[in-house]
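For reference, the chains in residue letters:
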Amino acid sequence: MNKMETALHELSEMDELASRSSPVHKLGPTAKLISTIIYIAAVMSFGKYRLSALIPMLLWPVLLFQLSGIPVRTCFYKLRIVLPLVLAMGLFNPFFDREPMLYLGSAAVSGGVISMLTLMLKGVLCLMASFLLMATTPIDCLCASLRRLHIPKMLVTLLLLTYRYVGVMTEELAVMTEAYSLRAPGQKGIHISAWGSFLGQLLLRSMDRAQELYSSMLLRGYHEHFHYAPMKPFSAADGIYLFGSTALFLFIRFVDITRILGSRFVR
Amino acid sequence: MIEFKNVSFAYEKGRSVLSGVSFKIEKGEAVGLIGANGAGKSTVMKLLLGLIRGEGEIYVDGLEVKKDNLPEIRRKLGFVLQNSDNQMFMPTVCEDMMFAPLNYGLTRPEAEKRVDAVLERLGMTELKYRHNHRISGGEKRMAAIATVLAMEPEAVLMDEPTSALDPCNRRAVINTVKELGQTKLITSHDLDMIMDTCGRVILLSGGRIAADGPSDQILTDRELLEANRMELPLSLTPRP
Ligand SMILES: Nc1ncnc2c1ncn2[C@@H]1O[C@H](COP(=O)(O)OP(=O)(O)O)[C@@H](O)[C@H]1O
Ligand SMILES: [Mg+2]
């Protein structure tokens, strides 16, 4: 399998991960969705130097990985394309913010380094949370619960179709890279001179296929209204999950556990 | 059931794909639409489904193919696309099959019942919960046919249903097609398959109908076929 095919294969695997069974999978999508949103909001609201206080937030994704049986490895493997981008966000902070913040032995650590690490950790945490949501909830259930939260129909349908069309695009890309590399042996990737026509072709071909997919929907009676799988009613387990997770997030957010633990042991 | 009256069509100005095509298909007939690559077979299908508009008149069950009638017409016609990957867009076979019935107002249990009945009939119940990207090309083609049958259409249109299938899967598709009671319009250059499944053949060539008649008459006419860039079906080719 070439690189693209692997990527494609992985993408379709998300559907499969989502259709597995575990206590986390069984929870209602709405509870998981809201909990994830609160989690992300809580993570993002930490101050930019509060690295140590942020670390306990790791607890939640770790717990979910354990409960859902989804390997952490899979998560990082699948996110390996976006992860560097997220990590790169804070890369310049150390250059702008050189004030020493704390001393490890005799080495001074500047505010920039701390804020860079904080930002990176925030990025990773948010990615993990989103991944866990996607990996434990089928996309149409997710869309159904977005609709329940009164997100406009247009947006939700768009999300659903994008999710499907991304597959179509990667598939076209796979075919094209293969055809290209067969005629350019020994060349790594696609030469920059061919990018223009390559991208143009890719766009045209994906559009053709997207058009066919859309006709196939129309021909089977689709008209602006998607029939999502029926929603399970909001269960007691959902309530407990949502309440429990929110309480935990708020606790970690407002009580600096690391400092309390630290002051216990280090005097 | 299906009627083309003097239909012409061009994707680009000046390069006509179909010119003055007329034919009529009665209810229950099985018609093979044959012709070389690029003869315009798929174009005929798209015109019929109202995906593109040409000149002339097209009728389905007495309804003219035009914007206002499209929902009703499309409900009567089940279209199996040439590329099954473009046909199936839901995660599992079952959900894909339920897509049309749900759109046509069935409840979920009703739709699922229909899915079960179709799968049972095609002998592929084990595919129900399989993921669309995890099944083989042959299974996918059968699943695509199943999604269309779940619509309970009055006529089934198939665009090259046996293309890119191995002999065994091809045979499975042919057997399924033969058993369908609906009106059938099947495009292909697999003439053996057409011979097996269709009583009548329409031969397209150069944007016109070059021949229209009983299969055993047209498909055995070597001169006619070769003049239109086709060959005798293998099963009829004399062997030394
Ligand atoms: N979307 C399109 N735009 C322009 N030309 C097209 C398009 N689709 C098909 N054609 C042209 O129309 C002709 C008939 O195509 P088609 O109906 O797909 O043939 P067939 O299905 O018999 O192989 C071909 O010459 C093809 O190149
Ligand atoms: Mg065609």
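This write-up is about the structure you can find in this document. (Residues numbered from 1 in each chain as written. Chains lettered and ligands numbered in written order. Predicted model: local features only at pLDDT ≥ 70, side-chain atom pairs only at ≥ 80, totals over all residues. Heavy atoms only, no water.)

1. Some thoughts on the overall build of chain B
Right, on to step 1. Along the backbone of chain B there are 10 helices and 10 strands.
Right, on to step 2. Taking 240 residues into account, the globule formula puts the C-alpha radius of gyration at 18 Å, and chain B, at 18 Å, falls close to it.
Right, on to step 3. Of all 240 residues assigned to chain B, the portion counted as buried reaches 55%.
Right, on to step 4. With an accessible surface of roughly 10600 Å², chain B has 47% of that area assigned to carbon and sulfur atoms.
Right, on to step 5. Across chain B, the centroid of the 31 positively charged side chains sits 3 Å from that of the 34 negatively charged ones. (Helix = DSSP H or I, 4+ residues; strand = E, 2+ residues; numbered from the N terminus. Rg over C-alpha atoms; globule rule 2.2 N^0.38 Å. Buried < 20%, exposed > 50% of the residue type's maximum accessible area, 1.4 Å probe, protein only. Areas by Shrake-Rupley, 256 points an atom, 1.4 Å probe, with all protein chains shown as cover. Lys, Arg positive; Asp, Glu negative; His and termini not counted. Charge placed at Lys NZ, Arg CZ, Asp CG, Glu CD.)

2. Side note on the pairing of strand β2 (residues 107–110) of chain A
All names here are of chain A.
Right, on to step 1. As defined by bridge partners, strand β1 (residues 100–104) adjoins β2 across four bridges and the pair is classed as antiparallel. Within β2, the residue paired with L104 across the bridge is A107.
Right, on to step 2. Joining the antiparallel neighbours β1 and β2 is a turn of two residues, in which G105 adopts a positive phi near 65°. (Pairing = 2+ DSSP bridges.)

3. Concerning the pairing of strand β2 (residues 15–25) of chain B
All names here are of chain B.
Right, on to step 1. Summarising the sheet, strand β1 (residues 2–12) and β2 pair through seven bridges and their orientation is antiparallel. Note on β2: the bridge partner recorded for F9 is L18.
Right, on to step 2. In sequence, β1 turns back onto β2 through a hairpin of two residues, with G14 there showing a positive phi of about 85°.

4. Structural notes on the packing of helix α6 (residues 137–149) of chain B against helix α7 (residues 167–179) of chain B
Residues and elements named next belong to chain B.
Right, on to step 1. For the pair α6 and α7, interaxial distance at closest approach is 9 Å and the crossing angle is 15°. Here α6 lies roughly parallel to α7, going by the angle between them. Crossing geometry of α6 relative to α7 is assigned as right-handed. Taken together, the residues of α7 that come into contact with α6 (itself represented by G138, R141, M142 and I145) are N169, A172, V173 and T176.
Right, on to step 2. Here the residues of the contact of α6 with α7 are counted per class, giving four nonpolar, three polar and one charged. (Axes fitted to C-alpha atoms, helices over the stretch in contact; angles between N-to-C directions. Parallel < 35°, antiparallel > 145°, perpendicular 65-115°, else oblique. Left-handed = near helix turned anticlockwise from the far one by under 90°. Contact = heavy atoms within 4.5 Å. Nonpolar A, V, L, I, M, F, W, Y, C, P; charged D, E, K, R; others polar.)

5. Observations regarding the packing of aromatic side chains
Geometrically, a pair of aromatic rings is defined through the distance of the ring centres and the angle of the planes.
Right, on to step 1. In the structure shown here, the tally under the stated rule is eight aromatic pairs over all chains.
Right, on to step 2. With 6.4 Å between their ring centres and 75° between their planes, Y214 of chain A and Y222 of chain A make a pair best called edge-to-face.
Right, on to step 3. Accessibility expressed as a relative area gives 8% for Y222 of chain A, which makes it buried.
Right, on to step 4. Consider the rings of F9 of chain B and Y11 of chain B, whose centres lie 4.8 Å apart with planes at 90°: the pair is edge-to-face.
Right, on to step 5. You can call F9 of chain B buried: its relative accessible area is 9%.
Right, on to step 6. In textbook terms, an aromatic cluster arises when at least three aromatic residues are bridged by ring pairs, as seen for Y39, W60, Y241 and F249 of chain A. (Phe/Tyr/Trp six-rings, centres within 6.5 Å; stacked < 30°, edge-to-face > 60°.)

6. Brief notes about the site of ligand 1
Residue and element names in this part refer to chain B.
Right, on to step 1. If you check the shell around ligand 1, you find Y11, E12, V17, A36, N37, G38, A39, G40, K41, S42 and T43 and nothing else.
Right, on to step 2. A distance of 2.8 Å separates an oxygen atom of ligand 1 from a polar backbone atom of K41.
Right, on to step 3. Side-chain polar atom of S42 to an oxygen atom of ligand 1: 2.6 Å apart, as the coordinates give it.
Right, on to step 4. Bound to the protein, ligand 1 loses 63% of the 560 Å² it would expose on its own.
Right, on to step 5. Listing elements by their share of the shell around ligand 1, those giving two or more residues are β1 and α1 (41–48).
Right, on to step 6. Looking at the shell around ligand 1 element by element, the count peaks at three residues for α1.
Right, on to step 7. By residue class, the composition of the shell around ligand 1 is four nonpolar, five polar and two charged. (Near = heavy atom within 4 Å. Polar contact = N/O pair within 3.5 Å; in protein donor to acceptor, adjacent residues only side chain to side chain.)

7. Regarding the interface of chain B and chain A
Right, on to step 1. The interface of chain B with chain A comprises 25 residues on the first partner and 27 residues on the second.
Right, on to step 2. Close ionic contact of D96 of chain B with R220 of chain A constitutes a salt bridge, the shortest N to O distance being 2.9 Å.
Right, on to step 3. Summed over the shared surface of chain B and chain A, the number is eight residue pairs in polar contact (both at pLDDT 80 or more).
Right, on to step 4. Put simply, the parts of the chain that give the side of chain B that touches chain A at least two residues each are α3 (84–87) and α4 (93–103) of chain B.
Right, on to step 5. In terms of residues, the side of chain B that touches chain A owes the most to one element, α4 of chain B, which gives six residues.
Right, on to step 6. A per-class count over the side of chain B that touches chain A returns 13 nonpolar, six polar and six charged. (Salt bridge = Lys/Arg side-chain N within 4 Å of Asp/Glu carboxyl O.)

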